[in-house]
Amino acid sequence: DYAPVFSPDGKKIAYQSQFDRASNSAGDWEVYRVNTIDGTGKKNLSNNGPEVDDTSPTFSPDGTKIAYTSRGVQSSNSGGDQEIYRMNTLDGSGKKNLTSDDANDSHPDFSPDGQKIAYQSWGAQTSNPEGDVDIYRINALDGSGKRNLSNNGLYVEDTSAAFSPDGMKVLYESHGVQSSNLEGDAEIYRMNT
């Protein structure tokens, strides 16, 4: 069991788990939800079939949705690359692929108002022909409005996006030589959304 996160009201925990034979006979990664107080009410929310790994859950600010990373061939992702999905917290219904592209998208973070999701993406695409890791933002409802926020150039990798409490800024980790980091080591940056 890995990557636990509290729901906004503190009553639930979402996490990723592997090898739970009772609800996951294939032994791949799945997103689960349990009650915080005693671990009861365990539910496999993603359960997308064998050889589909679902990881990195995060709750929406109102606690009704979970965004997560999914990798593996499925009806909504015939290429099997990493994509950002959203589902209902209660039972895992309403699964929606928000980043249907040829890049590898992971580690989603909801904006404080729940309207946007920031995430990291690597792989050549129109807004990132170099294919290095950049921070993107999309609409949480349907994945529209995709925008590359960092785009710091070749050999610079930007990861671990996190919205500020007012939703106006995104924090992220960046490493690679650039004008503000001549050594190219890992540094923390802030940018507008």
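Residues numbered from 1 in each chain as written. Predicted model: local features only at pLDDT ≥ 70, side-chain atom pairs only at ≥ 80, totals over all residues. Heavy atoms only, no water.

**Examining the overall build of the protein**
Secondary structure assignment for the protein yields zero helices and 15 strands. Its C-alpha atoms give the protein a radius of gyration of 17 Å, within 12% of the compact-globule value 16 Å for 193 residues. In the protein, buried positions account for 53% of the 193 residues. Contacts in the protein between residues far apart in sequence, at least 24 positions, make up 31% of those at least 6 positions apart. Accessible area of the protein: about 9500 Å², with a carbon and sulfur share of 51%. (Helix = DSSP H or I, 4+ residues; strand = E, 2+ residues; numbered from the N terminus. Rg over C-alpha atoms; globule rule 2.2 N^0.38 Å. Buried < 20%, exposed > 50% of the residue type's maximum accessible area, 1.4 Å probe, protein only. Contact = heavy atoms within 4.5 Å. Areas by Shrake-Rupley, 256 points an atom, 1.4 Å probe, with all protein chains shown as cover.)

**So, the pattern of salt bridges**
Taken as a whole and assessed by the stated rule, the structure comprises two salt bridges. Two residues, R71 and D53, come together in a salt bridge whose shortest N-O distance is 3.0 Å. Of the two residues, R71 sits in strand β6 (residues 65-71) while D53 sits in strand β5 (residues 53-59), which places them 18 residues apart along the sequence. Classification of D53 by relative accessible area gives buried; the value is 17%. (Salt bridge = Lys/Arg side-chain N within 4 Å of Asp/Glu carboxyl O.)

**Observations concerning the environment of K96**
Here K96 is to be found in strand β8 (residues 96-97). K96 sits in the partly exposed class, given a relative accessible area of 33%. The spatial distance from the C-alpha of K96 to the C-alpha of P57 is 14 Å, given a sequence separation of 39 residues.

**Topic: the layout of surface pockets**
The calculated volume of the largest pocket comes to roughly 180 Å³. S60, P61, D62, T64, K65, R86, F110, D113, G114, Q115, A140 and L141 together form the lining of the largest pocket. (1 Å grid on protein atoms, 1.4 Å probe; cavity = no way out; pocket = protein on both sides within 12 Å on 5 of 7 lines; lining within 4 Å. Points joined across faces, edges and corners; volume = space filled by probe spheres on them.)

**Examining the sheet that holds β8**
The strands making up a sheet are joined through hydrogen bonds of the backbone, oriented either antiparallel or parallel. Here four strands make up an open sheet; going across it, the order is β5-β6-β7-β8 and the pairing antiparallel. Looking at the sheet topology across the chains shown, the edges are occupied by β5 and β8. In the sheet, β6 pairs with strand β7 (residues 83-88) via six bridges, with the strands oriented antiparallel. In the strand pairing of β7, K65 is matched with N88. (Pairing = 2+ DSSP bridges.)

**Some remarks on the pairing of strand β14 (residues 169-175)**
Only one face of β14 is buried: it carries V170, Y172 and S174, and the other face, with K169, L171, E173 and H175, is open. Relative to β14, strand β13 (residues 157-163) runs antiparallel, the two sharing five bridges. Following the sheet pairing, A162 is matched in β14 by L171. Linking β13 back to β14 in an antiparallel pair, the connection comprises five residues, with G167 at a positive phi of about 75 degrees. Inspection of the sheet shows β14 paired to strand β15 (residues 187-192) by six bridges, in the antiparallel sense. When the sheet's bridge partners are listed, V170 is paired in β15 with M191.

**Things to note about the packing of aromatic side chains**
Inspection of every chain in the model, using the stated rule, returns five aromatic pairs. With a centroid separation of 5.7 Å and 20 degrees between ring planes, the pair formed by Y15 and Y32 is classed as stacked. With a gap of 17 residues between them, Y15 in strand β2 (residues 12-17) and Y32 in strand β3 (residues 30-35) connect regions that are remote in the sequence. Its guanidinium or amino end placed over the ring of Y32, K42 lies 5.3 Å from that ring's centre, counting from NZ or CZ. (Phe/Tyr/Trp six-rings, centres within 6.5 Å; stacked < 30°, edge-to-face > 60°. Lys NZ or Arg CZ within 6 Å of the ring centre and 35° of its normal.)

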